[in-house]
Amino acid sequence: MAFLIPALLGALAALAIPIAVHLRFREKNKPFRFPSLMFLSRIPIRTAQRRRVTDWPLLLVRALILALMVFAFARPFIPQPADAAAEDRARAVVVLVDRSLSMSAPTVWATALDSARALIDGLGAADRVAVVFFDETAEITHDWTTDHPAALATLDGATPSTRGTRYGAALRTARGLLADAGQAQLEAVLITDVQRSGVAGVAGLELPAGLTVRSIVVTPASRPNTNVASVEVRRVAGPPRATITVQARVVTREIS
């Protein structure tokens, strides 16, 4: 048996309360009238008062009530033994690689592919893996397999697209794959630069029970961001016709 709040077991010291109450209980002696003591010699007598419990059943009932209250507040439970068979089950891992436009930033795409390779290399021989590339839609580039080198081969030559990010599309595809995963330990790994706009459509998405979803973030701590700060258009007259020139000012700054 274990307790969620074992510190409350210190309250068992309250069992001393009914014991103290019972030990303080003393019967009062009935006084008797006695004639004058002038003819009796005074002899000092030392007496010791013995205190003892006179009602054991009542004491035990009171102590039991207090002990039960303490155990109830400490919230006892019986820990269940770990399911060794579940721990030894093979894993079914869906590798979801973000290939949206933002992933084309310098070093980001290479880091994403290296992360996917390291993930697949770390799987056990009996673990199955599926590879999915996604942007606004998701594409299964390799279905379930225990041939890890074949899954790694699908990463070679992959390039980012020019579209946006939608995590909902990736997770729905993973859900469909995991429906055929059997009794394996289910896991989905998102390798992405965590674009905020990608969460659209994720709300309300139901995933299989027992599925573990985690992410590998490949966004650098700081990265350059370029935007057009201003555009100036000028009409330049000249023979034999007028010419329009456009001047744009581009600003690049580091964001983190």
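Read on for a plain summary of the structure.

Conventions we followed
Residues numbered from 1 in each chain as written. Predicted model: local features only at pLDDT ≥ 70, side-chain atom pairs only at ≥ 80, totals over all residues. Heavy atoms only, no water. Phe/Tyr/Trp six-rings, centres within 6.5 Å; stacked < 30°, edge-to-face > 60°. Helix = DSSP H or I, 4+ residues; strand = E, 2+ residues; numbered from the N terminus. Buried < 20%, exposed > 50% of the residue type's maximum accessible area, 1.4 Å probe, protein only. Lys NZ or Arg CZ within 6 Å of the ring centre and 35° of its normal. Pairing = 2+ DSSP bridges. Axes fitted to C-alpha atoms, helices over the stretch in contact; angles between N-to-C directions. Contact = heavy atoms within 4.5 Å. Polar contact = N/O pair within 3.5 Å; in protein donor to acceptor, adjacent residues only side chain to side chain. Core = buried A, V, L, I, M, F, W, Y, C linked by side-chain atoms within 4.5 Å. Salt bridge = Lys/Arg side-chain N within 4 Å of Asp/Glu carboxyl O. Right-handed = clockwise from strand over helix to strand, strands pointing away.

Turning next to the packing of aromatic side chains. Tallied over the full model, the rule gives 2 aromatic pairs. With 6.3 Å between their ring centres and 40° between their planes, Trp109 and Phe133 make a pair best called tilted. Taken together, the positions of Trp109 in helix α4 (residues 108–121) and Phe133 in strand β4 (residues 128–134) put the pair 24 residues apart, joining distant regions of the chain. Relative accessible area serves as the criterion here: at 11%, Trp109 is assigned to the buried category. The ring of Trp144 has Arg128 sitting right over it, with the charged end atom 5.5 Å from the ring centre.

The strand order across the open sheet built from 5 strands is β5-β4-β3-β6-β7, with neighbouring strands paired in mixed fashion. Edge positions in the sheet fall to β5 (138–145) and β7 (212–217), since each has one partner strand and no second. On average, each strand axis in the sheet is inclined to that of its neighbour by 15°, with strand direction left out of account. Judged from the 6 bridges that link them, strand β6 (residues 185–192) and β7 form a sheet pairing that is parallel. Across the sheet, residue Thr192 finds its bridge partner in β7, namely Val217. Along the sheet, α4 makes contact with β3 (91–98), β4, β6 and β7, crossing β3 at roughly 175°.

This part takes up the side chain of Asp127. Among the structural elements, Asp127 can be located in the loop between α4 and β4. At 2.7 Å, the side chain of Asp127 and the backbone nitrogen of Gly124 are in polar contact.

All right, on to the nonpolar core then. In terms of nonpolar packing, the biggest core is built from 22 residues, with Val95, Val97, Trp109, Ile120, Phe133, Leu155 and Ile191 touching the most fellow members. Contributions of two or more residues to this core are made by β3, α4, β4, α5 (148–153) and β6. Considering every element that reaches this core, the biggest residue donor is α4, with 7 residues. Excluding residues that lie within four positions of it along the chain, Leu155 makes contacts with Leu113, Ala116, Arg117, Ile120, Val131 and Phe133. By size, the runner-up hydrophobic cluster in this structure holds 20 residues, among which are Ala92, Phe134, Trp144 and Leu177.

Here we take up the pattern of salt bridges. Side-chain pairs of opposite charge can arise whenever the charged atoms involved come near each other. One pass over the structure, following the stated rule, counts 7 salt bridges. Between Glu187 and Arg91 there is a salt bridge whose closest N-O contact spans 2.8 Å. Separated by 96 residues along the polypeptide, Glu187 in strand β6 and Arg91 in strand β3 bring together distant segments of the chain. Among the residues examined, Arg91 registers a relative accessible area of 23% and is labelled partly exposed. When the shortest N-O distance is used, the salt bridge between Arg99 and Asp135 registers 3.1 Å. One end of the pair, Arg99, is in the loop between β3 and α4; the other, Asp135, is in the loop between β4 and β5, with 36 residues separating them in the sequence. Across the pair, Asp135 and Arg99 agree in class, each one buried.

On to the pairing of β3, then. Moving residue by residue along a regular strand, the side chains alternate between the two faces of the sheet. Counted residue by residue, β3 has 7 buried out of 8 residues, so it is predominantly covered. As paired elements, β3 and β6 share 7 bridges and run parallel to each other. In the strand pairing of β6, Val93 is matched with Glu187. Regarding the hand of the β-α-β motif, the stretch spanning β3, α4 and β4 is right-handed.

When you line up the elements, Val93 lands in strand β3. Placed 26 residues apart in sequence, Val93 and Leu119 show a C-alpha to C-alpha distance of 9.5 Å. Among residues more than four places away in sequence, those in contact with Val93 are Leu123, Arg128, Val129, Ala130, Trp144, Glu187 and Val189.

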